[in-house]
Amino acid sequence: MTTDAIISTHHLNLWYYDTHALQSISMKVPKNQVTALIGPSGCGKSTLLRCFNRLNDLIDCVKISGEILLASTNIHARGTDVVQLRKRVGMVFQKPNPFPKSVYENIAYGPRVHGIKDQSELDKIVEQSLRDAALWDEVRDRLDESALGLSGGQQQRLCIARTLAVEPEVILMDEPCSALDPIATAKIENLIDTLKRDYTVIIVTHNMQQAARVSDNAGFMYLGRLIEFGQTTQIFENPHEDLTENYITGRFG
């Protein structure tokens with residue numbers, strides 16, 4: 001596996017009150033690849049994902065120790081601009097969450113927040129983001145209509161386009177297909193494969209087949225620990241740990 005890591009963790013621990021939710025997690029996420037986090041419900045996958053752009057900061061009872069590096073910068077260093085961090089590390093949630101605005105305004109919102117006011121530049125960003133999210137041809141004549149009128153699959157691709165509009169380096173996806181039908185899921189999976197040319201994607205999924213299809217690397221988590229991390233083919237075909245093999249073969253989980 002390439003050692004060109006864009007995100008790395010060193011002995012990362014997280015507690016919710018007295019619950020030790022993440023236990024000494026050390027891993028390296030390769031750049032311009034898709035990394036899947038797999039494991040049973042409640043094992044810490046989404047909690048780990050939210051560490052990468054400090055979304056857990058929004059929960060009062062959380063305590064974190066250890067280190068998370070984005071490129072070579074500690075994201076918990078004093079003076080870190082969390083708004084800029086979340087621009088560099090975007091998030092797509094389990095349930096599509098478009099703003100109750102037009103399709104156009106959903107995409108233009110982020111660039112405007114970051115200081116882009118020129119209308120022609122915004123027009124270009126909106127079109128390019130929708131093209132990159134494989135949505136432009138479906139909505140080009142509906143830019144002024146409410147995003148809430150789109151189908152669930154279109155809404156999720158709109159949320160991906162909204163993330164792309166601020167030019168992130170990493171895209172976090174927390175079970176992005178769990179609320180979608182098989183056709184919409186296939187479109188998102190194809191999109192993920194395209195996105196890794198320009199972005200690093202980290203996806204949490206319960207769907208083992210999806211992890212095998214879309215990811216280059218996989219991490220298996222169990223009870224807050226990262227049991228095994230490696231190339232997806234190795235994890236699925238020749239896991240080093242019995243726990244990993246038992247989960248992949250359906251003996252528990």
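Residues numbered from 1 in each chain as written. Predicted model: local features only at pLDDT ≥ 70, side-chain atom pairs only at ≥ 80, totals over all residues. Heavy atoms only, no water.

(A) Representation of the sheet that holds strand E7 (residues 170-174) in the model. Reading across the sheet, the six strands line up as E6-E7-E8-E3-E9-E10 and stay open at both edges, with mixed pairing between neighbours. Only two strands of the sheet have a single neighbouring strand rather than two, namely strand E6 (89-92) and strand E10 (225-231). The average undirected angle you get between the axes of adjacent strands in this sheet is 15 degrees. Helix H6 (residues 152-164) rests against E6 and E7 of the sheet, and its axis sits at about 170 degrees to E6. (Pairing = 2+ DSSP bridges. Helix = DSSP H or I, 4+ residues; strand = E, 2+ residues; numbered from the N terminus. Axes fitted to C-alpha atoms, helices over the stretch in contact; angles between N-to-C directions. Contact = heavy atoms within 4.5 Å.)

(B) The environment of Gly44, seen in detail. With respect to the helices, strands and loops of the structure, Gly44 is situated in the loop between strand E3 (34-38) and helix H1 (45-51). Each C-alpha atom, one on Gly44 and one on Leu69, is 19 Å from the other, the two residues being 25 residues apart in sequence.

(C) Looking closely at the packing of aromatic side chains. All chains considered together, the criterion is met by two aromatic pairs. Centre to centre, the rings of Phe99 and Tyr109 are 5.1 Å apart; their planes meet at 65 degrees, and the pair counts as edge-to-face. In this pair, Phe99 is assigned in the loop between E6 and helix H3 (103-113) and Tyr109 in helix H3, connecting sequence segments 10 residues apart. Residue Tyr109 is classed as partly exposed on the basis of its relative accessible area, which comes to 41%. (Phe/Tyr/Trp six-rings, centres within 6.5 Å; stacked < 30°, edge-to-face > 60°. Buried < 20%, exposed > 50% of the residue type's maximum accessible area, 1.4 Å probe, protein only.)

(D) Region of the structure containing the pattern of salt bridges. Within this structure, the stated rule accounts for 12 salt bridges. Across the pair Glu138 and Arg157 runs a salt bridge whose closest N-O atoms are separated by 2.8 Å. Separated by 19 residues along the polypeptide, Glu138 in helix H5 (residues 136-139) and Arg157 in helix H6 bring together distant segments of the chain. The class for Glu138 is partly exposed, based on a relative accessible area of 30%. Counted as one network, the salt bridges with shared partners bring together Glu138, Arg157 and Lys187. (Salt bridge = Lys/Arg side-chain N within 4 Å of Asp/Glu carboxyl O.)

(E) Local environment of the packing of helix H4 (residues 119-132) against H6. At their nearest, the axes of H4 and H6 sit 8 Å apart, and the two run at 130 degrees to each other. When the interaxial angle is binned, H4 and H6 end up oblique. As for the relative orientation of H4 and H6, their crossing is right-handed in sense. Residues Ser129, Leu130 and Asp132 of H4 lie in contact with H6, whose contacting residues are Leu158, Ala161 and Leu164. For the contact of H4 with H6, a count of residues per class yields four nonpolar, one polar and one charged. (Parallel < 35°, antiparallel > 145°, perpendicular 65-115°, else oblique. Left-handed = near helix turned anticlockwise from the far one by under 90°. Nonpolar A, V, L, I, M, F, W, Y, C, P; charged D, E, K, R; others polar.)

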